[in-house]
Amino acid sequence: MTIIPLYFAIPLLAAFLIPVIGKFAKTFTWLFTTAVSFALFVIALYGVAAVQEFPLIVCKMGRWAPPLGIVMVLDAFSAFMALVISIVVFAGALFSYRYLSHYTGQWKFYTLYMLITAGMMGVVLTGDLFNMFVFLEIAAISSYALVAFGVDAEELEASFKYMVMGEIGGLTFLLAIALIYARTSTLNLADISNVMQMFGQTTFFWTVLGLMLFAFSIKAAFVPFHSWLPDAHPAAPAPVSSLLSGIFIKVLGIYTTARMVFNVFGLSRANAPMFFNILIVLGLLSITFAGLTALNQKDYKRLLGYSSVSQIGYIMLGFGIGNYYGVAGAIFFILAHALAKGLLFLTSGAVVHATGTRDLNKLAGLGEKMPTTAWSFRFGGLSLIGIPPLVGFWAKFWIILGALKAGMLWLAITAIVLSGLTLYYYLKIENSVFLKKGKVDAKPAPFTMRIAMVFLVVLIVVLGLGFQQVIDFVVGPAANALLRGLEYSQLVFGYVTTGF
Amino acid sequence: MRGMSLVVKVVTNIVVGFIFIYGVYIILHGHLTPGGGFAGGVIIAGALVLRILAFGVEPVSEKRAEERASAFESLGALLFIGIAFAGLIIGGAFFLNFLPQGTPLRLLSGGIIPLCNIAIGIKVGAGLFTIFLALAAIKYVMED
C-alpha cells in the first residue's frame, strides 16, 4: 500500500464530508479541517523522507500501467512542493477560526479550502498531462469562488476579472495539451518526453512550449500577465490570500513551468540558452515593474499582492540562470517566499480583523496594541528582504551565487539592488501600520491567529538557522530532480517495471 | 417561481417519470452502451428541472430542495471517493477494480465501473439541479 494517493484523496474526502457535517457543527468543521491539514503535513514530511531513499516513487492508479493508465509520481521536487503546500494550508486553517467569525456559510469556505488543497496536491503529484489540467482547474475554480467569498461588489469584481484571466490561461494550456496529444498520441508526461525527444526542437516543440509558458505565466502572474493578482489576492479572506500568494501561484505557475521545461521538454541552459534568457527577462520585468508599482500602494493587502508578483520574479530568475545553484535558489525561494508572504498576509488578516480597514493611511500605532502581529510582520518582512540568518536570505543568496557561478555578475548586482525595492515597501507598511503614533482601536489578535503566525515565524527562523540541512535534504534533491532532465522518463518507466 | 399552463402540467406529469427512468437506465448501462454516469445524471437533472419549471415552487420549499440536492451531491462524491479508497484498502491500489469482472456485455459486469457510474450519476444529477435552483433563487432576488 502506498501513501501517494492520500496526498490528494484525503483533502477531497474532507471536502465532501464537510457539507454533510458542517451545517450542524461550526467549531467541529474548523477542527476537522485543521486536523486534516495537519495530517497532510505529516504525510508530506513522510514523503520527503521517502524520496531520500528512492529517486522517484511511482503510483499506478488502479494498477493500470503507464502510458495507458494514470500515474502519480513522487520525486524530490513534488515532495518538496507538497510539504510547502501543507505548511501554508495548515497555518491558514488554524488562522481561519476567528477570522471567519463574521462570515456566514462557513462550511462552504472549508469545503472550498479543502478542494483547493486537493487540486494543488494533485498538480504537484500527477505524472499525466491531462490529469494535471483537471487538478489545475479544480484548484483554480475553487480559488475563484474563494476570492468572491465575501460577495461584496469589490470581491465579485476581482473574482470575475481573475476568472476571465485565469480561464484564458487554462484554455491555452488545454490547447497545448490538445496539440501535444494530436502529435504524440500520449498524455503521460514521461511518454511525451520520450516522443518529444525524437521530434527534436522543431517549430511544433516551440509552439507548444510557448503556449504553455503563456498559460503558466498568467497563472503565476508574471508581468505583463499580472493584472488580476493585485485585485484578486487582496479581495479574498486573509487565510485564502495567504494561501493564494504563498503557494497557489507557485504550484500553478512555477511548478508546472519548471516540470515541463526541465523534465518533459528536456531543456537546459546548455541546449536552449535563448529560452532561459527569456525566463530571466520575465523575472527581471516582474521584479522591477511590480516592485515599483508596490511603492505607492495605499492598501495593505494590495501592496503585498504587488510584492508577490515582484518576488515571483526572483524565482523565475533562479530557474532562468539554470545551473544547480540558480535552480536550488529558486526552489529555496519558493519555500522562503511561501513562509514569509503567507505570514505577511496572515498579519494583514489580523489587522483587518482588529480594525476593519486595510487602508495604510487610516492605520497607525498597532505595534504596541498588537505586539505578536507586529513582530510576526517584522520577521516575515525581514525574511522577504533577505536579512540573515532568516530563511529568505539564504534563498536569495543561493540565486545570487548561481548568477555569479554562471558568470553573470551584472545579474547578481541587479538582483541585490532590486532588493532595495522590497526594503522600501516593507518599511512603508512597518512605518504606517506599526510604528507611526496614532489612535486606532484594536485588541490583540485572538489566540488561534497568534498560534498560526508564530508557527510560521518559528519555521522562518529555524529553517534559516538550519539552512544547510534544508539544502541537503529538501532543496538540493529537489533541484537535482529537475536538473536530471530527460532521465525523468527513464526513471518513471524503470520503476514501473520493478513494480514499486 | 410560478407554474405554467394546465396543458404543460398534464404533459409534464406524464413524461417526467419516463425521463427519470431513462436517466437511470443510461446510468446503469453506462459500462455497456454509450452514455454513463454523467449523461444519465444530466437527464435526471433535466427531469427535476422540468418538474420545477412546469409546476412552479415556493421560495421556502425551493431552499429546502436546494439543501437536499446539495447533500445528495456530496453523497455522490463521497460514494465515488469511497469506492476509490475501498480499492486502496482491499487491494492496495487506489481505484483498483477489486470486484469480480463478470461476463462481458451483461448488466452485472465491469467490477466497480457500474458503481462509479451510479456515484457520478447522483453527483451530476444533484449538482446540475443545485445550479438550476441557485440561478432561480437569483431571479427572486432580482424580482424583489
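In this report, the structure presented in the accompanying data block is examined.

Rules of the game
- Throughout this description, residue numbers start from 1 for each chain and increase along the sequence as written.
- Chain A is the first chain written and ligand 1 is the first ligand written, with later ones labelled in order.
- Under the rules for a predicted model, residues below a pLDDT of 70 receive no local features and side-chain atom pairs below 80 are neither given nor counted, while totals for whole chains, interfaces and linings still include all residues.
- Heavy atoms from the whole structure form the basis of all side-chain values; hydrogens and water molecules are not counted.
- Each helix is a run of DSSP H or I of at least 4 residues and each strand a run of E of at least 2, with the numbering of both proceeding from the N terminus.
- C-alpha atoms define the radius of gyration in this analysis, and the globule rule sets the expected value at 2.2 Å times the number of residues to the power 0.38.
- For every residue, the accessible area (1.4 Å probe, protein chains only) is compared with the maximum for its type, and the residue is labelled buried under 20%, exposed over 50%, or partly exposed between those bounds.
- The criterion used for residue contact is that any of the two residues' heavy atoms lie within 4.5 Å.
- Areas reported here follow the Shrake-Rupley algorithm with a probe of radius 1.4 Å; residue values treat only the protein chains shown as occluding.
- By the counting scheme adopted, Arg and Lys are positive, Glu and Asp are negative, and His together with the chain ends is not counted.
- Positions of charges follow a simple convention, taking NZ of Lys, CZ of Arg, CG of Asp or CD of Glu.
- To estimate how far a helix should extend, the number of its residues minus one is multiplied by 1.5 Å.
- The rule for a salt bridge is simple: a side-chain nitrogen of Lys or Arg has to be within 4 Å of a carboxyl oxygen of Asp or Glu.
- Counting of polar contacts relies on pairs of N or O atoms within 3.5 Å, with two restrictions inside protein: one atom must be capable of donating a hydrogen and the other of accepting it, and residues adjacent in sequence are counted only when both atoms are side-chain atoms.
- Residue classes follow a fixed rule: Ala, Val, Leu, Ile, Met, Phe, Trp, Tyr, Cys and Pro count as nonpolar, while Asp, Glu, Lys and Arg count as charged, and any other residue, Gly among them, counts as polar.
- The bend reported for a residue corresponds to the angle between axes fitted to the seven residues ending at that residue and the seven starting there.
- Nonpolar side chains (Val, Leu, Ile, Met, Phe, Trp, Tyr) are joined into patches within 5 Å and like charges within 9 Å, using only residues with over 30% relative accessible area and no salt bridge.

## Remarks on the overall build of chain A
Inference 1: A tally of helices and strands in chain A yields 20 helices and two strands.
Inference 2: Over its C-alpha trace chain A gives a radius of gyration of 21 Å, about what one expects of a compact globule, namely 23 Å for 500 residues.
Inference 3: Considering only C-alpha atoms, chain A reaches an extent of 70 × 55 × 40 Å along its principal axes.
Inference 4: Evaluated residue by residue, chain A yields a buried proportion of 66% over its 500 residues.
Inference 5: Sequence-distant contacts, at least 24 apart, represent 82% of the contacts inside chain A between residues at least 6 apart.
Inference 6: Entry remark: accessible area of chain A is about 16900 Å², with carbon and sulfur atoms responsible for 69%.
Inference 7: The positive charge centre, built from 29 side chains, and the negative charge centre, built from 18, are 5 Å apart in chain A.

## Side note on helix 8 (residues 203–220) of chain A
Residue and element names in this part refer to chain A.
Inference 1: End to end, helix 8 covers 25 Å across 18 residues, agreeing with the expected 26 Å (1.5 Å per residue, within 8%).
Inference 2: Counting buried residues in helix 8 gives 13 out of 18 residues, a clear majority hidden from the surface.
Inference 3: Two residues or fewer past helix 8, alanine 221 is found with a positive phi of approximately 65°.

## So, the interface of chain A and chain B
Inference 1: In this assembly, 19 residues from chain A lie in contact with 15 residues from chain B.
Inference 2: Here chain A and chain B share zero salt bridges between them.
Inference 3: Scanning the region where chain A abuts chain B turns up two residue pairs in polar contact (both at pLDDT 80 or more).
Inference 4: Take the side of chain A that touches chain B: its biggest share by element is ten residues, from helix 1 (residues 6–21) of chain A.
Inference 5: By residue class, the composition of the side of chain A that touches chain B is 14 nonpolar, two polar and three charged.

## Some details on helix 1 (residues 6–28) of chain B
Residue and element names in this part refer to chain B.
Inference 1: The end-to-end C-alpha separation of helix 1 is 34 Å, in line with the 33 Å expected for 23 residues at 1.5 Å each.
Inference 2: Along helix 1, the sharpest kink reaches roughly 35°, centred on valine 15.
Inference 3: Of all the residues in helix 1, the buried ones are Thr12, Val16, Gly23, Ile26 and Ile27.

## Section: a nonpolar patch on the surface
Inference 1: Taken together, the side chains of Leu6, Val7, Val10, Val11, Ile14, Val15 and Phe18 of chain B present a nonpolar region at the surface, about 700 Å² in accessible area.
Inference 2: Inspection of the secondary structure puts valine 10 of chain B in helix 1.

## A closer look at the environment of alanine 478 of chain A
Residues and elements named next belong to chain A.
Inference 1: For alanine 478, the position within the fold is in helix 19 (residues 467–483).
Inference 2: The sequence separation of alanine 478 and phenylalanine 77 amounts to 401 residues, and the corresponding C-alpha distance is 4.0 Å.
Inference 3: Not counting the four nearest positions on each side in its chain, alanine 478 is found in contact with Ala76, Phe77, Phe80 and Ile331.

## Section: unusual backbone geometry
Residues and elements named next belong to chain A.
Inference 1: Following valine 223, the chain continues to proline 224 via a peptide bond in cis, the omega torsion being 5°.
Inference 2: Residue position: proline 224 is located in the loop between helix 8 and helix 9 (229–235).
Inference 3: In this structure, the amide linkage connecting proline 388 to the following residue, proline 389, adopts the cis form with an omega of 5°.
Inference 4: With respect to the element layout, proline 389 can be found in the loop between helix 15 (371–385) and helix 16 (391–405).
Inference 5: Located in the positive-phi region is alanine 221, a residue other than glycine, with phi close to 65°.
Inference 6: For alanine 221, a relative accessible area of 0% translates into the label buried.

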